[in-house]
Amino acid sequence: MTKNARYILEIINHSTEHLTSEQIYLRLREKNAKAVLATVYNNLSSLYEQGLIRKVCVEGCPDRYDKTVRHDHLVCKKCGRLSDTALDDLTEKLQKQIGIPHRCS
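The shown structure was predicted, so the numbers you read here are calculated from the model rather than taken from an experiment.

(A) Inspection of the pairing of strand β4 (residues 72-75) at higher detail. The pairing of β4 with strand β5 (residues 82-85) spans 4 bridges and is antiparallel. Considered in β5, the bridge of H73 is made with D84.

Laid out in structure tokens, this is it:
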């Protein structure tokens, strides 16, 4: 993993916000003044493909990036603001309601 990739992963994992690529770029510049926006885009793509970060896509808003710790998101329909929340896993409940056995093959 490159130095910039480590910095970007650290930025995302220590953030309490859902950052856009531009916000990540501005924070990365604090650690590496020579960083360019293309570096951020390339590293975000790679980190996402490796499963090290989550990409949160909301229609009409720029993609945002988040840590992989299990949690859910609520999205405001008016402003697109994301909020973290913890919902119980609904899989088992939905499977019972529609009559799917617990273990499908």
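So, next bit.
(B) A look at the pattern of salt bridges. Counting across every chain of the model gives 2 salt bridges. When the shortest N-O distance is used, the salt bridge between E10 and K31 registers 2.6 Å. Here K31 lies in helix α2 (residues 21-31) and E10 lies in helix α1 (residues 3-13), a separation of 21 residues in the sequence. Under the relative-accessibility criterion, K31 is labelled partly exposed at 41%. As a salt-bridge pair, E17 and R27 come within 2.7 Å of each other at their nearest N and O atoms. Of the two residues, E17 is situated in the loop between α1 and β1 (19-20) and R27 in helix α2; the sequence distance between them amounts to 10 residues.

Calculation notes
Residues numbered from 1 in each chain as written. Predicted model: local features only at pLDDT ≥ 70, side-chain atom pairs only at ≥ 80, totals over all residues. Heavy atoms only, no water. Pairing = 2+ DSSP bridges. Helix = DSSP H or I, 4+ residues; strand = E, 2+ residues; numbered from the N terminus. Salt bridge = Lys/Arg side-chain N within 4 Å of Asp/Glu carboxyl O. Buried < 20%, exposed > 50% of the residue type's maximum accessible area, 1.4 Å probe, protein only.

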